[in-house]
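Inside the fold
Single-letter residue listing:
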Amino acid sequence: YKERMLHFEALLEHYFEDEIKFERPSNGFAFWIEFQESVSLTQLGKELKSRDVFLPRICMYQNQKLTALRLGFAHWNLEEMEEFVVLLRESYEL
């Protein structure tokens, strides 16, 4: 668990740097990720879907002040984590 959590954290830091803030889970299997700039999560979800990645709406949190995702990591191996974060980054840039 700890190895995968730290790996996912390192990937987020590497691919997003200061564009997001996140909290390391203290007792769970998901990161709470806040985007520093507003982005349409609906559009992000559509872009990910076009890349064969499903982002459930229940994981998306957006209002006038907050754009955030709750992303679980426990079900992925290290390679799958990196593949997802790369796809998330590429979809975010569009």
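Predicted model, so just to flag it, every value in this text is computed and none were measured.

What follows concerns the pairing of strand β4 (residues 67-72). With five bridges joining them, strand β2 (residues 30-35) and β4 adopt antiparallel strand pairing. By the bridge assignment for β4, A30 is matched with G72. Relative to β4, strand β3 (residues 60-62) runs antiparallel, the two being bridged by three bridges. Note on β4: the bridge partner recorded for Q62 is T67. Hairpin connection of β3 to β4: four residues between the antiparallel strands.

Bringing the pairing of strand β1 (residues 20-23) into the picture now. Every other side chain in a regular strand lies on the same face of the sheet, so the side chains alternate between the two faces. Across four bridges, β1 lies against β2 in antiparallel orientation. Across the sheet, E23 pairs through a bridge with W32, a residue of β2. Between β1 and β2, which follow one another and run antiparallel, lie six residues.

With 100% of its residues at a pLDDT of 70 or more, the protein has an overall mean of 92. Across the protein, helix α3 (residues 78-93) holds the top mean pLDDT of 95, while β1 sits lowest at 92.

A word on the environment of L11. Locating L11 in the fold gives a position in helix α1 (residues 2-16). By relative accessible area, L11 is classed as buried at 6%. A sequence separation of 71 residues divides L11 from E82, and the C-alpha atoms of the two residues are 6.7 Å apart. Apart from residues lying up to four places away in sequence, L11 is in contact with M81, E82 and V85.

The next subject is the sheet that holds β2. Pairing in this open sheet of four strands is antiparallel, and the strands run β1-β2-β4-β3 from one edge to the other. Of all strands in the sheet, those with a lone pairing partner are β1 and β3, marking the two edges. Strand-to-strand twist of the sheet, defined as the mean angle between neighbouring strand axes without regard to direction, takes the value 20°. Lying on the sheet, helix α2 (residues 41-50) is in contact with β2, β3 and β4; it crosses β3 at an angle near 155°.

Further remarks concern the side chain of T67. One can find T67 in strand β4. Within the structure, T67 has its side chain in polar contact with the side chain of Q62 (distance 3.1 Å). Those residues in contact with T67, other than ones at most four positions away along the chain, are I33, E34, F35, S38, V39, L41, Y61 and Q62.

Now for a negative patch on the surface. Taken together, E79, E80, E82 and E83 make up a surface patch of like negative charges. With respect to the helices and strands, E79 occurs in helix α3. Owing to a relative accessible area of 65%, E79 belongs among the exposed residues under this scheme.

Cut-offs applied
Residues numbered from 1 in each chain as written. Predicted model: local features only at pLDDT ≥ 70, side-chain atom pairs only at ≥ 80, totals over all residues. Heavy atoms only, no water. Pairing = 2+ DSSP bridges. Helix = DSSP H or I, 4+ residues; strand = E, 2+ residues; numbered from the N terminus. pLDDT = per-residue confidence, 0-100. Buried < 20%, exposed > 50% of the residue type's maximum accessible area, 1.4 Å probe, protein only. Contact = heavy atoms within 4.5 Å. Axes fitted to C-alpha atoms, helices over the stretch in contact; angles between N-to-C directions. Polar contact = N/O pair within 3.5 Å; in protein donor to acceptor, adjacent residues only side chain to side chain. Patch = residues over 30% accessible without salt bridge, like charges linked within 9 Å, V, L, I, M, F, W, Y side chains within 5 Å. Areas by Shrake-Rupley, 256 points an atom, 1.4 Å probe, with all protein chains shown as cover. Salt bridge = Lys/Arg side-chain N within 4 Å of Asp/Glu carboxyl O. Lys, Arg positive; Asp, Glu negative; His and termini not counted. Charge placed at Lys NZ, Arg CZ, Asp CG, Glu CD.

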